[in-house]
Amino acid sequence: MPETTNAAISKTAYDSQVYCPFPDSIAKAGQDIILCIYNTDGSKLLAVAGQQGLTINRSAETVDVSSKDLANGWKAQIAGAKEWSIDNDGIYIISAESHKLLGSYFTNGDLVCLKIVDKKENYKPLFGGLACITDYSLEAPYDDSMTYSLSFAGYGELVDLTALDTETAAKVVDQPQA
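Small disclaimer: the values here were computed from a predicted structure and weren't measured.

Q: Could you give me a rundown of the overall build of the protein chain, with the residues and numbers involved?
A: Across its full length, the protein chain carries three helices and seven strands. Put simply, the protein chain runs from its N terminus to its C terminus through helices and strands in the order α-β-β-β-β-α-β-β-β-α. In terms of overall dimensions, the protein chain is more spread out than a globule: its C-alpha atoms have a radius of gyration of 21 Å, far above the 16 Å expected for 178 residues. Considered along the principal axes of its C-alpha atoms, the protein chain spans approximately 60 × 55 × 45 Å.

Set out below in C-alpha cells:
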C-alpha cells in the first residue's frame, strides 16, 4: 500500500486538511526495507529469511591534495575511490532457501547479486549491486533464539534504483518469492 502524503491527496479531502494536514513526505519504517538475494542463475529473488537489522554503508577514501601554497597551513582533501558494504542480522531460519544459498555463496567465495526493496510500496526497488560475503556468523545462545550476522563487501557500484531513467527502471521488476 502506498504511503499517504499531501502530494497524493486532493486539497479538499479530509475536510480540506484543516485538522489532518498530511505532510508532503514521511519517514520510512526500517521494518519495511528488505534485503534480497538472487539464486545462482538469477531466476529467483529471495528475501533473506529472519531479517531484523539492515545497514547500508557507503564511504569514500580521502585523497590529500595539500600543498605549500595553501593558506594558513590547512590540509586540502577530496573524495577518492568509493566503496559500499551491507550488514544484516536476524533470526536464523535453518531450513530457509535464502540461508542455504548464503552458506553456499560464502563457502564458494561467489559473488552475490543483492537487491534492497521497500515491501510496503509493493517491493519498490531501492538499491542493487554485486557483493561478496565477508562474514556469515551464527550464534546459538543457551537462553535465546539462534541468530545470524552477515557482512557483504561491494563489488563495483551500489546502484540507486530510485534514480534510474524510466526505460531502465522498467526492467527492474523482480519481486522476492515466498
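Q: Residue-level account of the sheet that holds strand β7 (residues 147-160), with values.
A: Spatially, β2-β1-β5-β6-β7-β4-β3 is the arrangement adopted by the seven strands of the open sheet, whose pairing is antiparallel. Pairing within the sheet leaves two strands with one partner each, and these edge strands are β2 (45-47) and β3 (51-64). Within the sheet, the average angular offset between the axes of one strand and its neighbour, ignoring direction, is 35 degrees. Across three bridges, strand β1 (residues 33-38) lies against β2 in antiparallel orientation. Paired with I37 across the bridge in β2 is L46. Each of β1, β2, β4 (77-91), β5 (111-118), β6 (124-139) and β7 touches helix α2 (residues 97-108); the most contacted strand, β6, lies at about 70 degrees to it.

Q: Describe the pattern of salt bridges, listing the residues and the values that go with them.
A: In the structure shown here, the tally under the stated rule is four salt bridges. Across the salt bridge formed by K28 and E121, the nearest N and O atoms sit 2.7 Å from each other. Of this pair, K28 sits in the loop between α1 (13-16) and β1 while E121 sits in the loop between β5 and β6, placing them 93 residues apart in sequence. On the basis of relative accessible area, K28 is assigned to the partly exposed category, the value being 39%. D64 serves as the salt-bridge partner of K75, at 3.7 Å between the closest nitrogen and oxygen.

Q: Can you tell me about the side chain of S151, naming the residues and giving the values?
A: If you trace the backbone, S151 turns up in strand β7. At a separation of 2.9 Å, a polar atom in the side chain of S151 contacts the side chain of D87. Once residues within four sequence positions are removed from consideration, S151 is found in contact with I86, D87, C132, I133, T134 and D135.

Q: I'd like a rundown of the side chain of N39, residues and numbers included.
A: Its place among the elements puts N39 in the loop between β1 and β2. On the accessibility criterion, N39 (15% relative accessible area) is buried. The residues contacting N39, other than those within four sequence positions of it, are K44, L101 and Y105.

Q: Would you mind going over unusual backbone geometry in detail, with residue names and values included?
A: Backbone geometry places N122, a non-glycine residue, at a positive phi of 55 degrees. Relative to the helices and strands, N122 resides in the loop between β5 and β6.

So, how was this worked out
Residues numbered from 1 in each chain as written. Predicted model: local features only at pLDDT ≥ 70, side-chain atom pairs only at ≥ 80, totals over all residues. Heavy atoms only, no water. Helix = DSSP H or I, 4+ residues; strand = E, 2+ residues; numbered from the N terminus. Rg over C-alpha atoms; globule rule 2.2 N^0.38 Å. Pairing = 2+ DSSP bridges. Axes fitted to C-alpha atoms, helices over the stretch in contact; angles between N-to-C directions. Contact = heavy atoms within 4.5 Å. Salt bridge = Lys/Arg side-chain N within 4 Å of Asp/Glu carboxyl O. Buried < 20%, exposed > 50% of the residue type's maximum accessible area, 1.4 Å probe, protein only. Polar contact = N/O pair within 3.5 Å; in protein donor to acceptor, adjacent residues only side chain to side chain.

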